[in-house]
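Fold and contact review
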Amino acid sequence: MQPSPVVLLAALALPFLGAAATPLVHRALGERTAYYAAAVAAVSFALLAGEYGVALAADPAASGVTFEWIPALGVSFTLYLDGLSLLIGFLASGVGVLVFTYSGGYMHGEPGQAKYYATLLAFMGSMLGVALAADLVALFVFWELTSVTSFLLIGHYQRTDSGRYAARKSMLITVSGGLFMLVGFLILAFVSGQSAELARTFTLVGTPDSLIANAEAVRAALESRGLLVPVIALVAVGAATKSAQIPFHIWLPNAMEAPTPVSAFLHSATMVKAGVYLVGRTRPLFLPEAAVPDWMLIVATLGLVSMTVTAILAVGATDIKELLAYSTASHLGLIVAGYGLATEYGAETGAFHILNHAVFKATLFMVAGIVAHEAGTRYMPEISGLRKELPITAGITAVAALGMAGVPPFNGFYSKELLFEATYEIAHTQGGLFWLYPAIAVFGSVFTFLYSIRFLMLFFGEKPDELHAHRPPLAMLAPPLLLAGIATYIGLGGIAGTFDVGVPVVGEFVAAVTASSALHAPAGFTYYVPTELSPYFLMSLLTIALGAAAYPFYDRFHRAVRRARALPVTSPNWYYDTALSGANGLSAATARVVHNGVFRRYAYTVLAAVCALALGGYVAASASLPAFTGIAVSAPLAVVLVTAVLGAVAVIRAPSHIAGVLTLSILGFMVAIFFVLSDAPDLALTQLVIETLVLVIFLLVLDKLPSWYGDLKRREVAADVLLSGTVGVTVFFTVLLSTGATAPDPIWRDIATLAPVPEEHGLWILEQGGGNNIVNVILVDFRAFDTLGEIAVVAMAALSVLTLVGMRGRGEDAGGDGPEEGGETA
């Protein structure tokens, strides 16, 4: 069963159209543009919700909707809607409705609102694209669009240094990771074309010939070429940078410079979920049913370590948004670890915790915005006891924070319990060092419990006298209240499950999300509060007991973490700043060396680069020189060539520029005679005209220059000789290789044979050249390099003329100023 193509395209295109119309809407509605954007998001949500039943029954080999895009390269635009993509789509559009509504209160009086809402809508459309795209090219395009739009959103306060620093940092890290992912995608497509069972394809899922539908054949092709682990690593780097996994987590705390609604949207429910979505989507492709798959060693280890390290860093936070940022990275690590574990419980962990984390973390970000907006500070040591002034917000926080801590029966407990169960099962099966998996999971969860309770204590304890908070407007209170209600509903579903009573939607939906990443379709999904002491329930109880025992010492942990963070060697930020500073210094030094205003330096740079690229290309392509078959030239031709060589040698002995140019013209005219003797009169005529014209121009220019520049320094002569020799060697090899690769028959014979002209202008021309006009096809296709070279020559000539015209006045001024200034000084 396939979803409606019109509905999917409409849900995807609507946010972009809404973004384009936002400037006009803002002129008419002003700050009420927030509700216009919320309406756009609501329509996209409703369109996706209408495909709910189809998505739950999706078939990875048949449910894709394909549109032709670049057929010559085998690239199509394929959309696919299953449980996982529907969940991410719901988060992007559903949480989008709440965030836009919340923005209506939070962004009151803020500058740049038209840009803010337009960019936020474009970001939402990009996230929907990531969720729905089922081919690698479209997925990469939407992936990078989220990076670009998030760059604009994080840098919303663009006049602050911290805002610009945060935006640039997130852009550099996430885009760089995307490039690694792109390399992995290209290898995947290339290897699929090398498989005997599968043609080259960029389609990831949704068609019979897609990669996931033929996962076993693709894995076999990758393993036979030793590329399975490199491809997993490349894709993992892309996911890790987007989902802020260590050591790439450093951009997320800085990204809190963005307005709080942006943090709630990007850094809880959407952008950071793109990475875990990629892990969940590619899990069936890379995860075999082997005992210890490479996928698990890479992905599960990365997730568990990230979960633990960032949870510890969260304890050292003093800003409530910084705490939530590290917490987000930690919970994303939990999801990645779940998807990495090669058990059914692992897939359930990832699927269920995506939902739970989005619900409680978006709630807490909105709570953080309420506290900052109404109390005027985000500095945690200054905040406590807000429950009396913000009672509803305190209740919302209790539901969300206890869910984040993994306390039963709140929603986060169930997905964390699944992680404990998955790690225990792996350790019990594999033994040895795999017992570290459950140990690390418990250790990291203790710190999760600590910072969750610390966040909750913002509303309890004794309130400082100088701290006052106002009641938030309804637009800011209603969205987190609704999310807390959803979290409560999920939590109550666990209590109902204990009594074998199912609650609508949750179990069925999570089962469908799990099926998107599982190796085998799950029979169903249930969750409940345990009533017996299983090993994993004991792990949950141990986590809570250790966390409760350690909480009285929270300040000591906090100070220890901050001291450790202050050491450069343990701070990834130090490595980032040092590397960036070094790159900036290298860039400035390169500019000073290359762009020093001396023509000799420019010529050296360009010619040396061209020679290096050409010779490097020959070596990389293992080009071989044609066999030497002797010299067969006529006596007149030999005389011409010898004369040309003598003319070239005479140039370097010329006593002046005039003599040098005249001597050089001997070489040019000998080349023209060479063309005459080689039966190429058209080339000879062209050479004569060009040589004559160049000679005249040279003489006219040299008439305005000194007759001789003086003696060169020895090192300049040595450098000139070296560069000239390199250029000569490059040209020598190029001529030999190009003439050696010449087709035995002239191209006109092939054209005349294969495409007789004119009548219908030949189907062969149309099929091979893509055009009906033989002249155009020859110019732009069969002789493309010739045409490209001619265009390059014309462009360079035009640029040279433009440069000379632009420098004319500057040269006269410079030439006149020097001696006169010297004379005045003397």
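Note that this is a predicted model, so its numbers are computed, not measured.

1. Some remarks on the overall build of the protein
Secondary structure summary: the protein contains 32 helices and two strands in total. Across its three principal directions, the C-alpha atoms of the protein cover 105 × 75 × 60 Å. Per-residue burial for the protein yields a buried fraction of 47% across its 826 residues. Total accessible area on the protein stands at roughly 38800 Å², and carbon and sulfur atoms take up 68% of it. With 40 positive and 55 negative side-chain charges, the protein shows a separation of 12 Å between the mean positions of the two kinds.

2. With respect to the layout of surface pockets
The computed volume of the second largest pocket comes to approximately 670 Å³. For the lining of the second largest pocket, the element with the highest residue contribution is helix 28 (residues 714-740), accounting for five residues. Per-class residue counts for the lining of the second largest pocket are twelve nonpolar, three polar and no charged.

3. Some remarks on a negative patch on the surface
Residues Glu 382, Glu 462, Asp 465 and Glu 466 make up a contiguous surface patch of negative charge. Note that Asp 465 resides in the loop between helix 18 (436-456) and helix 19 (474-498).

4. Description of empty space enclosed by the protein
Scanning all chains against the criterion turns up two cavities of 30 Å³ or more. Taken as a whole, the largest cavity holds about 80 Å³ of empty space. Lining the largest cavity are 13 residues, and of these Val 235, Ala 236, Ala 239, Val 279 and Val 299 sit closest to its centre. Counting residues per element, the lining of the largest cavity draws most heavily on helix 9 (residues 228-242), at five residues. Residues belonging to the lining of the largest cavity are distributed by class as follows: eleven nonpolar, two polar and no charged. If you trace the second largest cavity, you find it lined by Ala 405, Gly 406, Phe 413, Lys 416, Glu 417, Phe 420, Ser 540, Thr 543 and Ile 544. When contributions to the lining of the second largest cavity are tallied by element, the ones reaching two or more residues are helix 17 (411-430) and helix 21 (535-550). No other element matches the four residues that helix 17 contributes to the lining of the second largest cavity. A breakdown of the residues in the lining of the second largest cavity according to their chemical character gives four nonpolar, three polar and two charged.

5. Things to note about the side chain of Ser 445
Its place among the elements puts Ser 445 in helix 18. Within polar-contact distance, the side chain of Ser 445 engages the backbone oxygen of Ala 441 at 2.7 Å. Residues contacting Ser 445, with those up to four places away along its chain left out, are Met 307, Lys 416, Phe 420 and Thr 543.

6. Digging into the environment of Thr 149
In this fold, Thr 149 is placed in helix 6 (residues 136-154). Setting aside residues no more than four positions away along its own chain, Thr 149 makes contact with Thr 119, Ala 122, Phe 123 and Ser 126.

7. Regarding the pairing of strand 2 (residues 75-79)
Of all five residues in strand 2, five are buried, a share of seventy percent or more. Neither face of strand 2 is exposed, since Val 75, Phe 77 and Leu 79 on one face and Ser 76 and Thr 78 on the opposite face are all buried. Bridge count between strand 1 (residues 65-70) and strand 2: five bridges; the pairing is antiparallel. Looking at the pairing, Thr 66 lines up with Thr 78 of strand 2. Counting the residues in the hairpin turn of strand 1 and strand 2 gives four residues, including Gly 74, whose phi is positive at 70°.

8. Some points on the pattern of salt bridges
Under the defined criterion, the tally for this structure stands at six salt bridges. Here Asp 161 and Arg 164 are joined by a salt bridge, their closest N and O atoms 2.4 Å apart. Of this pair, Asp 161 and Arg 164 both sit in helix 7 (residues 161-194), three residues apart, which is roughly one turn of the helix. A salt bridge links Arg 378 to Asp 319; the shortest N-O distance between them is 3.1 Å. One end of the pair, Arg 378, is in the loop between helix 15 (344-375) and helix 16 (391-405); the other, Asp 319, is in the loop between helix 13 (294-315) and helix 14 (320-340), and 59 residues separate them in sequence.

9. Concerning the confidence of the model for the protein
Per-residue confidence for the protein gives a mean pLDDT of 87, with 92% of residues at or over 70. Taken element by element, the protein is modelled with least confidence in helix 29 (residues 747-754), mean pLDDT 64, and with most confidence in helix 18, mean pLDDT 96. In this model, residues 814-826 is a region of pLDDT below 50 whose contacts with residues beyond four sequence positions or in other chains number zero contacts.

Rules used in this analysis
Residues numbered from 1 in each chain as written. Predicted model: local features only at pLDDT ≥ 70, side-chain atom pairs only at ≥ 80, totals over all residues. Heavy atoms only, no water. Helix = DSSP H or I, 4+ residues; strand = E, 2+ residues; numbered from the N terminus. Buried < 20%, exposed > 50% of the residue type's maximum accessible area, 1.4 Å probe, protein only. Areas by Shrake-Rupley, 256 points an atom, 1.4 Å probe, with all protein chains shown as cover. Lys, Arg positive; Asp, Glu negative; His and termini not counted. Charge placed at Lys NZ, Arg CZ, Asp CG, Glu CD. 1 Å grid on protein atoms, 1.4 Å probe; cavity = no way out; pocket = protein on both sides within 12 Å on 5 of 7 lines; lining within 4 Å. Points joined across faces, edges and corners; volume = space filled by probe spheres on them. Nonpolar A, V, L, I, M, F, W, Y, C, P; charged D, E, K, R; others polar. Patch = residues over 30% accessible without salt bridge, like charges linked within 9 Å, V, L, I, M, F, W, Y side chains within 5 Å. Salt bridge = Lys/Arg side-chain N within 4 Å of Asp/Glu carboxyl O. Polar contact = N/O pair within 3.5 Å; in protein donor to acceptor, adjacent residues only side chain to side chain. Contact = heavy atoms within 4.5 Å. Pairing = 2+ DSSP bridges. pLDDT = per-residue confidence, 0-100.

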